[in-house]
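Here is what each chain is made of, one letter per residue.
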Amino acid sequence: MTVDPCGDQTGTRPPPAPAADLAARLDRIPVATPTHRRWVGVLGALFVFDLVDLNSFAYAAPALRAEWGLSIGAVGAVTSAAFVGMFAGAIVGGRLSDRFGRRPVLLGAVVFFSVCSLLSALSWDAWSLGVLRVLTGFGLQATTGVLLVWVSEMFPRSLRGRYQALLLAVGLAGIPIAAWLARIVVPLGPGSWRWVFVVGALGAVVALVAWRTVPESVRWRAAQGRPADPRDERLVARMEAEARARLGTELPEPVADTPVPQGRPADLLRGAMLRRTVVASTACVFLILSFYGFSSWVPTLLVERGYTTAESLTFASVLAVAAVPGALLVAPVVDRVDRRAVILVLQTLSAGLLLAFGLVTDPVAIAVTGFLAAMSMQATVPVLYTYIAEVFPLHLRGLGSGVANGSGRLAGVAGGLLVAATFAGLGLTAVYVFLAATALLLGLVMAVFGERTTNRRLEDIERG
């Protein structure tokens, strides 16, 4: 008897089917199966620690300012350092996943960022922490980018968006976990902030479970032009059986696809693909400037508004809870309504709420407007991430998604410095005007220049 990463146990090995046929059979499965839901649990747990680590510095920053005497500019520099690593991780991780497979890059990246997070807990000044945040950011974004691509390739087309949203809802629990952990631990005394980074390192434990649970992408393997792996045959057969049992009927016949010609990375900058690359990259730039500009700076800016470190972390913890309902809010509509329209509505709402958050002074009003702003921006994230993983051809999907996400992370480098400079030169209100403008621009770019991808086969999107 053998045990494989698909979770299948069998004493026989059927002859391998052609890889392209397996991809077509995978695409005809119209419902989510127990196997899909098991993957959501494991990948969601990976994403929890990804987001704990991603947000750890934001919640530790007020204590670090007091302990190390850091200026607002120094906080911005360390925040930007993580985005430098994310830029490289998005592109390098995406390209490696196109060449060597989604699974090994995904799990290797989790182990890498976990080790770097643990080392961050041992940092002794802003420089050492900055270097470690660059390396951590590299692993974090490689994990996120490849994970979302994997989901787009292995889930039914009519449910891709919904399960991206559910996956993100599970993972986004990492934000309130980081916030509440910081709220409890950081005020305990000097050096207590280090435990926030230690918790972020626990993703390596989940990676061991994922190694036995998460298989290679069948679509990626089909694109390599090699005979199908017998494990893929067993995986697809089991999922077909699960789908038949749920539906009570036979599945539709698989639709054979003409192989899509392999291309080169330069194809992302040519013809119609150039438009997709520019639109996806621009959308990611505005997402990072607004979304992370808000979430990363809330604790520090609230201190500047006169709240204590403990009070600012309490506010930030309340706002962080919005992450999960935000992703769940969009799940029922993401596969039924044009993704472009959903993003426009959510980002217009986000812009208005960000302005309100910056203008109100009552603590209750701050909490309510901040919570709603965070929720609407979080609801946008799974929709945009689903879109990005859909618009690039399979053989360049990892790299294309990496270029788009990497552009956003590179903007995050400038974003941290821009928020600091805007605050220093124009004041607190100007910061929220800036954040609101970038949120609205994201919605407009997608509405005007984006492509329709909702409920379309990846192969049809690829052909234009």
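Look above for the structure.
Residues numbered from 1 in each chain as written. Predicted model: local features only at pLDDT ≥ 70, side-chain atom pairs only at ≥ 80, totals over all residues. Heavy atoms only, no water.

Trainee: Which residues make up the overall build of the protein chain, and what values do they have?
Mentor: When you go through the protein chain residue by residue, the secondary structure sums to 19 helices and 2 strands. Over its C-alpha trace the protein chain gives a radius of gyration of 22 Å, about what one expects of a compact globule, namely 23 Å for 464 residues. Across its three principal directions, the C-alpha atoms of the protein chain cover 70 × 45 × 40 Å. For the protein chain, with 464 residues in total, the buried portion stands at 60%. In the protein chain, 86% of the contacts between residues at least 6 apart in sequence involve partners at least 24 apart. If you sum the accessible surface of the protein chain, you get close to 16900 Å²; carbon and sulfur atoms cover 69% of it. If the 39 positive side-chain charges of the protein chain are averaged to one point and the 30 negative ones to another, these points end up 1 Å apart. (Helix = DSSP H or I, 4+ residues; strand = E, 2+ residues; numbered from the N terminus. Rg over C-alpha atoms; globule rule 2.2 N^0.38 Å. Buried < 20%, exposed > 50% of the residue type's maximum accessible area, 1.4 Å probe, protein only. Contact = heavy atoms within 4.5 Å. Areas by Shrake-Rupley, 256 points an atom, 1.4 Å probe, with all protein chains shown as cover. Lys, Arg positive; Asp, Glu negative; His and termini not counted. Charge placed at Lys NZ, Arg CZ, Asp CG, Glu CD.)

Trainee: With reference to specific residues and values, describe the layout of surface pockets.
Mentor: Within this model, the second largest pocket holds a volume of roughly 190 Å³. Lining the second largest pocket, in full, are Ala24, Asp27, Arg28, Ile29, Pro30, Pro156, Arg157, Ser158, Pro252, Glu253, Val255 and Arg457. Grouping the amino acids of the lining of the second largest pocket by side-chain chemistry returns 6 nonpolar, 1 polar and 5 charged. (1 Å grid on protein atoms, 1.4 Å probe; cavity = no way out; pocket = protein on both sides within 12 Å on 5 of 7 lines; lining within 4 Å. Points joined across faces, edges and corners; volume = space filled by probe spheres on them. Nonpolar A, V, L, I, M, F, W, Y, C, P; charged D, E, K, R; others polar.)

Trainee: Provide a residue-level description of the packing of helix H13 (residues 309-320) against helix H16 (residues 363-391), including the pertinent values.
Mentor: How two helices pack is summed up by the angle between their axes together with the distance between the axes. Two numbers describe how H13 lies on H16: the axes approach to 8 Å, and their chain directions differ by 40 degrees. Relative to H16, H13 is oriented oblique. Where H13 crosses over H16, the two elements pack in a sense that is right-handed. For the pair H13 and H16, the contacting residues are Phe315, Val318 and Leu319 in the first and Pro363, Ile366, Ala367, Gly370, Phe371 and Ala374 in the second. (Axes fitted to C-alpha atoms, helices over the stretch in contact; angles between N-to-C directions. Parallel < 35°, antiparallel > 145°, perpendicular 65-115°, else oblique. Left-handed = near helix turned anticlockwise from the far one by under 90°.)

Trainee: Requested: an account of the side chain of serine 217, with residues and values cited.
Mentor: Topologically, serine 217 is positioned in the loop between helix H9 (203-213) and helix H10 (218-222). Among the polar contacts made by the side chain of serine 217, one reaches the side chain of glutamate 153 at a distance of 2.6 Å. The contacts of serine 217, once residues within four sequence positions are left out, are Arg102, Trp150, Glu153 and Met154. (Polar contact = N/O pair within 3.5 Å; in protein donor to acceptor, adjacent residues only side chain to side chain.)

Trainee: A description of a nonpolar patch on the surface should follow, citing residues and the corresponding values.
Mentor: A cluster of nonpolar residues, Val111, Val115, Leu119 and Leu122, forms a patch on the protein surface that exposes about 350 Å² of accessible area. You can see valine 111 is positioned in helix H4 (residues 102-120). Since its relative accessible area comes to 38%, valine 111 is described here as partly exposed. (Patch = residues over 30% accessible without salt bridge, like charges linked within 9 Å, V, L, I, M, F, W, Y side chains within 5 Å. Salt bridge = Lys/Arg side-chain N within 4 Å of Asp/Glu carboxyl O.)

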